[in-house]
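# Examination of the molecular architecture
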Amino acid sequence: MAAASESGPVRIVVAQPHAPQRLATVEALRRLGGGVHIEVVHDARACIELAGGADLVVVDRGLGGDGRAILSALRGEGPPAVVVTQEATAEAALDTFRAGAADCVTASADYDEVLPAVALEQIRHFRAATARRAVRERIESLERLHGAIIERFPAALAVVDAEGRVVAVNPAFARDFLAAGEAAEGRRLGELLPQDLLETGDLAGLAAEARAGGERAPRIARTQRNGELRAFDARAERLDGQGRTLLVLADVSEREQLKLLQRQVLQSEKMASIGQLAAGVAHEINNPMGFIHANLAQMEEYLADVQRLDERARELAERAARDGSPVVRAAGDRYAALARELDADRLLDEFEQAIRESQEGSERIRHIVQDLRAFSHRDDGQLVDADLNQCLDSTAHIVWTMMKHSVVLRKEYAQLPPLRCRPMQLEQVFMNLIVNAYQAIEQRVRAEGGTGEIVLRTALVEGGVAVQVSDDGVGIPAEHAARIFDPFFTTKEVGEGTGLGLATSFDIVRRHGGTLRACDRPGGGTTFVVFLPLAGPPAQ
Amino acid sequence: MSVATLLLVDDESRILSSLRRALRREGYRILVASTPGEALRVLEAEPIDAILSDHKMPGMSGLELLEVAARARPATVRLLISGWPDAIPEERLAAIGVRAVIPKPWDDAELKRVLADALRSPAG
């Protein structure tokens, strides 16, 4: 094919009313090759109709008004129009250009050479322009698509330049982190995002890593908003060689909530089975403990008797050695010798010590069993309407003397409606949490000195009441976080804790239809959050 | 008053011997039984002032034993000893007229005091 084709065969529409001229035109255009389709029409209407799919329109100037109508219809969008004319005047040519013709060819001796050459050039030009326009349209449509995606993308996006300034954000970012009408461009992430989110997600580190081209596993950044904990999956990626990065913050609060719920359910099941086991074990231990405990007391009593007996015997032996007949004296000496050989004083002392230590051990076992029983107690206490602020207060009061040297206690209580609960049990929970908070602070104070702070906070939240016990103590190491509610899990010294405090608390809160969870306090330490539904404990 | 007779019931023989030692100097006449059935036979054969029974035993619980004892020998003082006192329903204790539930592990002095009290006023 002669024509430079973008795609498909070349189509030319010829609009010439008179047969001889028409024949000359068709003959001339045929020289372009067999692949060229030529359609002949006689008037403007037919021409305009066919021009839509054509690469070129050849119009006879002799069409007059019809010719001008064709030219004006094709102007802009349509294929180029070449006007053929019998008049070889400059004015005629100018007239056709003014009317919108792409070129003008005069009927002359070399008509059959000039016309194909002109036609070919126009077709090439038109096809190239068409191709360029198609590319431009494609680009525009892609841009519109990308714009729409970013516009509607559910996660917050921010593009940050190498200096850490925000270049652009999407509407989700504005929705999640900006006040109405607040602009983000040119500002730093540190000014735009909440402090706790920046810290828990280590967003500065994340961005730096991304800028350096490194890859890091996404992490969960958390922020407290209106008393509610929101979690964001945070990731950052390098966008280009100019050091621009894209920060993505996807709100995964619901997913995290679900995960938490699953963990709570698992924990609850574990509790229920361990509770049963604990009750059984406690009972079984109490039987042997019963006689061990009593026997130790009896042994103590008997030992006192033996000591008296021994004293008396030695007294007698002494007197015998002094005053007795030779036989009696010999017996007295033998007793004294045996007492020396056996080191009787030490023997009796150590016997006493062994009993005392065993009694301490048995006391400790009794304690563990008591805790176990408290743990397996299911429905102790009456259900009443109680004021949780008051419960918290009276509990804090009990342990206050112990803590006041190293702890500042801050209370942030909200007005709370009365809550249907078993106050004695909840006080046990608060007691556990406050004592744990105190111990965490003690641990830190021992290492670093200074004092600590415990914050007791209550809030009315959706569907219930939230009680927070927050400390700035040593915090919970990540490797312990998953186990703190497990029965018998303890980091305390042997003999100091049974590892049942948090497990019992968890169970009590669960029986109230609520949840108990721990989270890191920004800046170090731990916050325990008790959620209790206003509806009260579920029917059992 | 003549020497009071006590019947101690527990399926764990070491408990029985420990209890017996604890009460050795109290001047009671002490009989023991290691099953509820044996206890009922003793109860039938001898005048018993007080019966102190374990609760959790194979075949028959201490509470059930005391229930039978209450009908057969209403004047006998009834006491329970248990490693899991909270598991025993209070209303049943009241209905059967159990004077006290002694927890395991027990305190010897407390045990002696409770027994002495119960025997001093058997009807109370």
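Residue positions are given per chain, counted from 1 along the sequence in the order it is written. For naming, the first written chain is A and the first written ligand is 1, with later ones following in the order written. Whole-chain, interface and lining totals are the exception, using all residues; otherwise, since this is a predicted model, local features are given only for residues with pLDDT of at least 70 and side-chain atom pairs are given and counted only at 80 or more.

### Focus on the overall build of chain A
Definition in use: In this text, helices come from DSSP runs of H or I with a minimum length of four residues, and strands from runs of E with a minimum of two, each type numbered from the N-terminal end. For the exposure call, what matters is how many other C-beta atoms sit within 10 Å of a residue's own: 20 or more marks it buried, 12 or fewer exposed, and in between partly exposed, using C-beta atoms placed from the backbone.
Within chain A one finds 16 helices and 17 strands. The proportion of buried residues among the 540 residues of chain A is 33%.

### Describing the interface of chain B and chain A
The criterion, for reference: Residues are scored as being in contact if the C-beta atoms we place from backbone atoms lie within 7 Å.
Residue-level contacts link 14 residues of chain B with 14 residues of chain A. Looking at which element gives the most residues to the side of chain B that touches chain A, the answer is helix 1 (residues 13-22) of chain B, with 5 residues.

### Structural notes on the pairing of strand 16 (residues 515-520) of chain A
All names here are of chain A. Convention followed: The pairing criterion is simple: DSSP has to find at least two bridges between the two strands.
As defined by bridge partners, strand 16 adjoins strand 17 (residues 526-533) across 6 bridges and the pair is classed as antiparallel. Residue pairing across strands places aspartate 520 opposite threonine 526, the latter belonging to strand 17. Counted along the chain from strand 16 to the antiparallel partner strand 17, the turn is 5 residues long, and its residue glycine 523 has a positive phi close to 90°.

### Things to note about the sheet that holds strand 3 (residues 50-54) of chain B
Residues and elements named next belong to chain B. Selection criterion: Fitted lines through C-alpha atoms give the axes, limited to the stretch in contact for helices. The angle between two N-to-C directions lies from 0 to 180 degrees.
In spatial order, the strands read 2-1-3-4-5; together these 5 strands make up an open sheet with parallel pairing. Only two strands of the sheet have a single partner each, and these edge strands are strand 2 (29-33) and strand 5 (100-103). Taken over all neighbouring pairs, the strand axes of this sheet differ in orientation by 20° on average, direction set aside. One ladder, built from 5 bridges, connects strand 3 with strand 4 (residues 77-82); its direction is parallel. When the sheet's bridge partners are listed, serine 53 is paired in strand 4 with leucine 80. Lying over the sheet, helix 2 (residues 36-45) contacts strand 1 (5-9), strand 2 and strand 3, oriented at roughly 165° with respect to strand 1.

### Some points on the pairing of strand 15 (residues 464-471) of chain A
Residue and element names in this part refer to chain A. Burial analysis of strand 15 places 8 of its 8 residues in the buried class, the great majority of the element. Across 8 bridges, strand 14 (residues 452-461) lies against strand 15 in antiparallel orientation. In the sheet register, isoleucine 454 faces strand 15, and the bridge partner there is aspartate 471. Hairpin connection from strand 14 to strand 15: 2 residues lie between these consecutive antiparallel strands, with glycine 463 at a positive phi of about 80°. When strand 15 meets strand 17, the two strands line up antiparallel, connected through 8 bridges. When the bridges of strand 17 are listed, aspartate 471 appears paired with threonine 526.

### Quick notes on the confidence of the model for chain A
For clarity, the cut-off: A score between 0 and 100, pLDDT records how confident the predictor is in each residue.
Per-residue pLDDT for chain A averages 85, and the proportion of residues at 70 or more is 94%. Note that residues 1-5 of chain A has pLDDT below 50 and, in this model, 15 contacts with residues that lie over four places away or in other chains.

### Thoughts on the packing of helix 13 (residues 388-403) of chain A against helix 14 (residues 423-448) of chain A
Residues and elements named next belong to chain A. Where we set the bar: The crossing is said to be left-handed when, going from far helix to near helix, the turn is anticlockwise and less than a right angle, and right-handed when the turn is clockwise. Under this grouping Gly is polar, as are all residues other than the nonpolar Ala, Val, Leu, Ile, Met, Phe, Trp, Tyr, Cys and Pro and the charged Asp, Glu, Lys and Arg.
Running from N to C, helix 13 and helix 14 cross one another at 35°; their axes reach a closest spacing of 9 Å. In this structure, the crossing between helix 13 and helix 14 has a hand that is right-handed. Facing Cys391, Leu392, Ser394, Thr395, Ala396, Val399 and Met403 of helix 13, the residues of helix 14 in contact are Pro423, Leu426, Glu427, Phe430, Met431, Ile434, Val435 and Tyr438. Of the residues contributing to the contact of helix 13 with helix 14, the split by class is 12 nonpolar, 2 polar and 1 charged.

### Let's talk about the nonpolar core
Residue and element names in this part refer to chain A. For clarity, the cut-off: A set of buried Ala, Val, Leu, Ile, Met, Phe, Trp, Tyr and Cys residues, joined to one another through C-beta atoms within 7 Å, is what we call a nonpolar core. For every domain, the bounds stem from an assignment made automatically or drawn from a database.
Core analysis: the biggest nonpolar cluster contains 44 residues, and Ala437 and Val530 have the highest contact counts within it. No fewer than three residues from each of domain 3 (257-376) and domain 4 (384-533) sit in this core. Excluding residues that lie within four positions of it along the chain, alanine 437 makes contacts with Ile454, Val469, Asp471 and Gly473. One finds Ala28, Val58, Ile70 and Ala101 within the second-largest nonpolar core, a separate group that totals 36 residues.

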